[in-house]
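Descriptive analysis of the structure
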Amino acid sequence: MIGALVKVGDLVLTADGGFTPSKLPRQTFVPIDFDGHADLRAVDGSVPPALQQVVLNFDRDGRLSTAGLPICQPSLLEETTPAEARSRCPGAIVGTGHVDALITREGGPPLPASSPITLFNGPRQEGHPTVILHARTTVPATQTFVLTIPIEKRAGLYRYRATLDVPPIAAGRGSLIHLDVKVGKRYRYRDSERSYVAARCGDGIFRTRGRFSFADGTIIEGSVEKACTVRR
């Protein structure tokens, strides 16, 4: 199954992802690594509107485990480089990735900006786990992002909902155009092996649904569905 390609007005979103291994038990949850990426572009070649919020819903056949996993406090990451952030909370790292943006400027083409992304297991909020996202850009000036992403457990087709509120980039002149991330961590707790993310192949399909909201009022929604095979 392929990823999502959605066009709303002049804005095009392409997204895809996957997980390994793809052969999973039908009932038992086993460790996996999950990856995903999204790209944004304007059909006319201009800088797309600023992304303000991302809401991701994850299939009920996935499971998140944080018991015994080290926690990184957001305050430890303020004004740090990516390398410094990772060195301060190495045991809490649950994912890494990369982000690209375009910064508009008067009298010239937009400036590209980019940063590594690090995802840390964060302190719980209202009983729910969180992820702390760290990124740092240096174009046109240094700006450090330390963002708390709550992960709400839900009933129904999707087990978890993660919400990322994107702050203004470069005083509102920046627009995200690419985001990729890989999530997965194995660790030991109480003399047993654990995995931050685990999954089973309950119905043969693993679903992820996203909602992307932009500064100009545009909302894009779409789903990525990937097949899994029942492991005998």
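Think of each chain on its own: its residues are numbered from 1, step by step along the sequence as written. Per-residue local features are limited, in this predicted model, to residues with pLDDT of at least 70; the limit for side-chain atom pairs, both in listing and counting, is 80 or more; totals at the level of whole chains, interfaces and linings are taken over all residues. With hydrogens and water excluded, all non-hydrogen atoms of the structure serve as input to the side-chain values.

Right, let's talk about the packing of aromatic side chains for a bit. A pair of Phe, Tyr and Trp rings is counted when the ring centres sit within 6.5 Å of each other, with Trp represented by its six-membered ring. The angle between the planes then sorts it: under 30 degrees is stacked, over 60 is edge-to-face, the rest tilted. Using the criterion set out here, one finds 2 aromatic pairs in the structure. Ring centres of Phe19 and Phe206 lie 5.2 Å apart, and the angle between their planes is 50 degrees; this geometry places the pair in the tilted category. Pair noted here: Phe19 is in strand β2 (residues 11-20) and Phe206 is in strand β17 (residues 205-214), with a separation of 187 residues, a long-range link. Phe206 matches Phe19 in its accessibility class, with the two residues each being buried. Aromatic side chains Phe34 and Phe58 sit 5.7 Å apart centroid to centroid with 85 degrees between the ring planes, which places their arrangement in the edge-to-face category. Taken together, the residues span a long stretch of sequence, with Phe34 in strand β5 (residues 33-42) and Phe58 in strand β6 (residues 51-59) at a distance of 24 residues. Labels follow the DSSP assignment, with helices taken as runs of H or I lasting at least four residues and strands as runs of E lasting at least two, numbered in each case from the N terminus. Think of it in three bands: residues with accessible area under 20% of the maximum for their type are buried, residues over 50% are exposed, and the middle band is partly exposed, with areas taken using a 1.4 Å probe on protein chains only.

Attention now goes to the state of the cysteines. Pairs of cysteine sulfur atoms within 2.5 Å are what we label disulfides. Within the structure shown, the criterion is met by 2 disulfides. Two residues share a disulfide in this structure: Cys72 and Cys89, whose sulfurs sit 2.1 Å from each other. Taking the torsion about the sulfur-sulfur bond, which here is approximately 70 degrees, the covalent link between Cys72 and Cys89 counts as right-handed. Note that Cys72 is positioned in the loop between β7 (62-64) and α1 (82-88) and Cys89 in the loop between α1 and β8 (93-103), a separation of 17 residues in sequence. With relative accessibility at 0%, the residue Cys72 sits in the buried group. With a relative accessible area of 6%, Cys89 lands in the buried category.

Salt bridge, as used here, is a side-chain nitrogen of Lys or Arg placed within 4 Å of a carboxyl oxygen of Asp or Glu. In the structure shown here, the tally under the stated rule is 9 salt bridges. Put simply, Arg207 and Asp59 hold a salt bridge, and the shortest N to O gap is 3.4 Å. Taken together, the positions of Arg207 in strand β17 and Asp59 in strand β6 put the pair 148 residues apart, joining distant regions of the chain. This pair shows no difference in class: Arg207 is buried, exactly as Asp59 is. One salt bridge in this structure joins Glu152 and Arg154, with 3.6 Å as the shortest N-O distance. Take Glu152: its relative accessible area is 34%, and that puts it in the partly exposed class. Overlapping salt bridges, with partners in common, bring together Asp59, Asp203, Arg207 and Glu225 in one network.

The next subject is unusual backbone geometry. Excluding glycine, most residues fall at negative phi; most peptide bonds, likewise, are trans. A cis amide bond, omega -5 degrees, links Thr20 with the succeeding residue Pro21. Inspection of the secondary structure puts Pro21 in the loop between β2 and β3 (23-24). Val139 connects to Pro140 through a cis peptide bond whose omega is -5 degrees. By secondary structure assignment, the location of Pro140 is in the loop between β10 (128-137) and β11 (143-153). Despite not being glycine, Glu79 has its phi angle at roughly 60 degrees, a positive value. Inspection of the secondary structure puts Glu79 in the loop between β7 and α1. By relative accessible area, which is 56% here, Glu79 ends up exposed. For Glu126, which is not glycine, the phi dihedral falls at a positive 50 degrees. With respect to the element layout, Glu126 can be found in the loop between β9 (111-125) and β10.

As a further point, take empty space enclosed by the protein. Cavity and pocket criteria rest on a 1 Å grid covering protein atoms alone: a 1.4 Å probe that fits but cannot get out defines a cavity, protein on both sides within 12 Å along at least 5 of 7 lines defines an open pocket, and an atom within 4 Å of a point defines a lining residue. Grid points are joined across faces, edges and corners, and a volume is the space filled by probe spheres set on the points. By the definition in use, this model includes 3 cavities of 30 Å³ or more. Its boundaries defined by the atoms lining it, the largest cavity holds a volume of some 940 Å³. Lining the largest cavity are 48 residues; nearest its centre among them are Phe34, Leu56, Phe58, Val181 and Thr208. Per-element tally for the lining of the largest cavity: the top contributor is β2, with 6 residues. Here the lining of the largest cavity is built from residues that sort into 31 nonpolar, 10 polar and 7 charged. Forming the walls of the second largest cavity are 19 residues, and the residues nearest its centre are Val99, Leu133, Ala135, Ile169 and Leu176. Broken down by secondary-structure element, the contributors of at least two residues to the lining of the second largest cavity are β6, β8, β9, β10, β11 and β13 (174-183). Here the term charged refers only to Asp, Glu, Lys and Arg, the term nonpolar to Ala, Val, Leu, Ile, Met, Phe, Trp, Tyr, Cys and Pro, and the term polar to all other amino acids, Gly among them.

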